[in-house]
Amino acid sequence: MRGPHIRSLAVAVAVTTAATGLAGTAFAGPATGTDHASASTGTTTSAASVVAAARAAAFAHAAATGVTRGDELRAQDVLIDPEGARHVRFIRTHQGMPVLGGDLVVHLSHRLAYTGVTRAADHSVAPATTQARLTADQAEAKAAAVGKGDAGTAHLVVDARSGAAALAYQVPVSDSATAEAAGTRTVVIDAVTGKVRSNAPDSDEFLSPKLLDTLRERGETLDPATATVAVQPKSLTAAAAAAARAVHYPVTASGTGTSLFVGKVPLTTTRTARTSYLLKDPTRWGTETRDAKGQELENFAQGKKFTTTTNKWGNGALSHRDSAAVDAQYGITKTLDFYKKTFGRKGIENNGKAARGMVHFGRKVANAFWDSTCDCMLYGDGDGDMFKKPLVVLDVTGHELTHGVVDATAELEPTRVDADGNQYGEAGSLNESLADIFGSNVEFSADNAKNPPNYLIGEKLGLAQKFLRRLDHPSLDKLEGTIDYWSPQTYDAEVHAGSGVSSHAYYLLAEGSGRKTIGGFAYDSPTYDGSTVTGIGRAKATAIFYRALTRYMVSTTDFHDARLATLKAAADLYGANSTAYQTVDQAWAAVNVTVANTPAARH
């Protein structure tokens with residue numbers, strides 16, 4: 001579950017070149033490309049000219065883009081497709097104030113001519129007044145009360161996320177942690193009426209409050225089976241020790257970890273001295289896992305470094321603190337590998353920076369999080385009652401880190417959050433769905449025999465129903481009441497329940513409808529209208545959904561918007577007359593998302 005936090009608008013322009021399909025050995029995909037940040041003078045100049053052209057086009061085509069006098073556009077991302085199109089993702093300020101829900105993507109041709117826009121707000125972002133009736137102190141006091149914590153400094157913003165734009169205060173609130181949630185929140189208070197416009201955690205929790213309540217009511221105890229492989233630490237041989245004395249440290253080293261869930265795995269680590277190793281991967285931008293030491297840390301620098309004298313990590317059991325760290329580091333690096341070899345994406349934010357994780361977060365925390373404050377993964381050890389082991393399972397990591405990818409691109413936001421922290425709305429459901437889609441792809445990419453790849457999510461958690469969610473037939477998940485097909489009621493569905501709509505569409509696009517066995521797992525995917533859908537393969541389906549996310553989705557994208565986004569992506573990649581394009585349309589129709597039932601008034 002993701003918390004709709006609002007990040008700083010002081011964002012540097014990231015220059016990327018988009019992949020036209022899937023690369024690497026994991027998929028047999030279409031023509032390859034790269035997604036990479038470049039510091040070369042030529043590329044930087046090109047990016048500047050693209051941003052300038054897109055900004056000018058946004059103002060010149062104000063009727064379509066909604067950009068008006070008083071608006072300022074700051075580039076968050078620049079995508080340059082190999083076939084020539086350019087896409088500039090902007091965040092917006094109005095009269096100097098950040099606009100929540102004001103994001104848009106301006107699309108240009110290779111000649112930098114305006115070709116269209118994807119915008120979050122379908123109305124003017126100018127508020128009726130820019131004069132606050134509440135003071136900042138009053139807003140902070142109210143935010144502290146509703147967020148049940150200590151309020152930080154209130155800042156004026158324009159809230160354009162739902163209905164007419166309004167002047168509001170955005171207030172960070174800390175120290176509101178529980179045993180199942182990380183501790184910071186963002187509260188938005190109407191600056192004129194004092195109404196609480198939103199109050200949401202900043203963390204992306206894997207298990208929602210509603211699901212945890214359901215598990216308690218059922219009396220379920222989750223004690224996932226481990227994949228223990230005994231490993232005996234070995235000392236350096238005399239020859240190795242002699243060779244080590246000639247090395248200039250730090251250097252890259254090859255180690256071995258014994259995990260809780262995926263058995264014995266190779267780990268790339270950092271050798272800092274002759275007999276000293278750090279659980280930090282220099283080949284993946286310094287990606288590192290640390291120990292939160294049972295504290296609710298949201299500052300990675302305060303985590304304890306994992307070190308050893310042998311480059312052997314963990315023993316496959318809870319008795320060794322390193323064991324959970326092995327699962328976390330393995331899962332994080334495998335997620336990075338999936339995004340890099342499949343899309344050329346360099347890190348979660350595509351900026352060539354390390355991904356980070358902390359295990360042993362808090363005491364008796366029965367959850368795992370993508371935390372935007374820490375900009376890292378946080379893993380609880382379980383509460384010792386309902387959850388017996390840390391939530392460091394591979395597809396949990398792939399799911400949660402994908403929330404980080406969404407944060408760095410479309411920033412899909414739930415429509416509302418209830419008093420218990422449950423989130424609702426189609427954009428939030430789409431976010432959860434994408435996390436499940438790409439989380440399952442991480443398993444396929446890793447192809448670990450101890451964690452066989454499949455279209456199930458959380459199958460290693462030890463649930464009575466044998467999985468948490470599944471993409472082929474979402475409604476088989478009775479815990480969250482996940483749905484197979486869209487209806488008007490889906491707009492306000494809890495996000496994990498609603499995620500089934502687009503997850504189902506993706507599975508139908510990739511594998512098609514009906515019964516089949518894939519990799520030893522049996523699937524049987526139904527369709528809303530009884531139609532038969534023939535899949536185009538996971539490689540093409542994944543390329544389409546990733547391209548749709550990075551180019552054609554914004555913070556308010558709903559399922560009908562997602563249909564259009566994936567159609568545009570399919571046309572870009574394979575042509576508007578291609579089988580892939582036609583199958584995208586068929587897959588969405590098979591989950592009852594069509595042009596005919598598009599809501600006339602979007603919420």
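Heads up: the structure comes first, above all this text.
These numbers come from a predicted model, not from an experiment. (Residues numbered from 1 in each chain as written. Predicted model: local features only at pLDDT ≥ 70, side-chain atom pairs only at ≥ 80, totals over all residues. Heavy atoms only, no water.)

> Can you break down helix α8 (residues 426-446) residue by residue, with the values?
Between its first and last C-alpha, α8 extends 30 Å over 21 residues, near the 30 Å set by a 1.5 Å rise per residue. For α8, the tally of buried residues reaches 21 of 21 residues, placing the bulk of the element in the interior. Backbone geometry just after α8 places Asp447 at a positive phi near 50°. (Helix = DSSP H or I, 4+ residues; strand = E, 2+ residues; numbered from the N terminus. Expected span 1.5 Å × (residues − 1). Buried < 20%, exposed > 50% of the residue type's maximum accessible area, 1.4 Å probe, protein only.)

> Describe the pairing of strand β23 (residues 376-379), listing the residues and the values that go with them.
In β23, alternate side chains face the same way, and those of Cys376 and Leu378 on one face and Met377 and Tyr379 on the other are all buried. Strand direction decides the pairing type here: strand β22 (residues 368-371) and β23, joined by 4 bridges, are antiparallel. Within β23, the residue paired with Trp370 across the bridge is Met377. Two successive antiparallel strands, β22 and β23, enclose a turn made up of 4 residues, where Asp375 displays a positive phi of approximately 55°. (Pairing = 2+ DSSP bridges.)

> Tell me about the environment of Ser198, and name the residues and values.
For Ser198, the location among the structural elements is in strand β11 (residues 196-201). By relative accessible area, Ser198 is classed as buried at 17%. Through-space distance from the C-alpha of Ser198 to that of Thr415 is 9.2 Å; in sequence the pair is 217 residues apart. Residues in contact with Ser198, not counting those within four places in the same chain, are Arg161, Thr186, Val187 and Val188. (Contact = heavy atoms within 4.5 Å.)

> Account for the packing of helix α10 (residues 500-511) against helix α11 (residues 538-552), with residues named and values stated.
Across the interface, α10 lies against α11 with an axial gap of 7 Å and an inter-helix angle of 140°. Classified by the angle their axes make, α10 and α11 are oblique. Our pair here, α10 against α11, has a crossing hand that is right-handed. Mapping the contact onto sequence places Ser502, Tyr506, Leu509, Ala510 and Glu511 in α10 and Arg538, Ala541, Thr542, Ile544 and Phe545 in α11. Here the contact of α10 with α11 is built from residues that sort into 6 nonpolar, 2 polar and 2 charged. (Axes fitted to C-alpha atoms, helices over the stretch in contact; angles between N-to-C directions. Parallel < 35°, antiparallel > 145°, perpendicular 65-115°, else oblique. Left-handed = near helix turned anticlockwise from the far one by under 90°. Nonpolar A, V, L, I, M, F, W, Y, C, P; charged D, E, K, R; others polar.)

> Please provide a residue-by-residue account of the packing of aromatic side chains, values included.
Going through the model one piece at a time under the given rule, you end up with 17 aromatic pairs. Judged by centre distance (6.4 Å) and plane angle (85°), the ring pair of Phe438 and Tyr546 falls under edge-to-face. Of this pair, Phe438 sits in helix α8 while Tyr546 sits in helix α11; the two residues are 108 residues apart in sequence, bridging distant segments of the chain. A relative accessible area of 0% means that Phe438 is categorised as buried. On the basis of relative accessible area, Tyr546 is assigned to the buried category, the value being 4%. Taken together, Phe338, Tyr339, Phe343, Phe438 and Tyr546 form an aromatic cluster joined through their ring pairs. The cationic tip of Arg416 hangs over the ring face of Tyr424; the distance from NZ or CZ to the ring centre is 3.9 Å. Against the face of Phe467 rests Arg470, its NZ or CZ located 5.1 Å from the ring centre. (Phe/Tyr/Trp six-rings, centres within 6.5 Å; stacked < 30°, edge-to-face > 60°. Lys NZ or Arg CZ within 6 Å of the ring centre and 35° of its normal.)

> Got a sec to walk through the packing of α8 against α11? Specific residues and values, please.
With their axes 11 Å apart at the nearest point, α8 and α11 run at an angle of 140° to one another. The pairing of α8 with α11 is recorded here as oblique in orientation. When the axes of α8 and α11 are compared, the crossing they make is left-handed. Within the contact between the two elements, α8 uses Leu434, Ile437, Phe438, Asn441 and Phe444 and α11 uses Arg538, Thr542, Phe545, Tyr546 and Leu549. The residue inventory of the contact of α8 with α11, partitioned by class, reads 7 nonpolar, 2 polar and 1 charged.

> I'd like a rundown of the pairing of strand β10 (residues 185-190), residues and numbers included.
Across the 6 residues of β10, 6 count as buried, placing the element largely inside the fold. The side-chain alternation of β10 yields two buried faces, one formed by Arg185, Val187 and Ile189 and the other by Thr186, Val188 and Asp190. The sheet contact formed by strand β9 (residues 166-174) and β10 spans 6 bridges and is antiparallel. The residue of β10 that forms the bridge with Gln170 is Val188. Pairing of β10 with β11 involves 5 bridges; the strand directions are antiparallel. Each residue of the ladder has a partner; that of Val187, found in β11, is Asn199. Once β10 ends, the chain turns through 5 residues before running back antiparallel as β11, passing Gly194 with a positive phi of about 85°.

> A description of the sheet that holds strand β13 (residues 251-258) should follow, citing residues and the corresponding values.
Strand order in the open sheet made by the 5 strands is β19-β15-β14-β13-β20, with mixed pairing throughout. The sheet is open, and its two borders are formed by β19 (307-308) and β20 (312-313), each paired with just one other strand. Summarising the sheet, strand β15 (residues 276-278) and β19 pair through 2 bridges and their orientation is antiparallel. Looking at β19, one finds that Tyr277 is bridged to Thr308. Helix α6 (residues 321-343) rests against β13, β14 (264-273) and β20 of the sheet, and its axis sits at about 100° to β14.

> With reference to specific residues and values, describe unusual backbone geometry.
The omega torsion of the bond from Tyr249 to Pro250 falls at 0°, within 30 degrees of zero and hence cis. Notably, Asp375 is not glycine yet its phi reads approximately 55°, a positive angle. Tracing the chain through its elements places Asp375 in the loop between β22 and β23. Taking relative accessible area as the criterion, Asp375 reaches 30% and is therefore assigned partly exposed.

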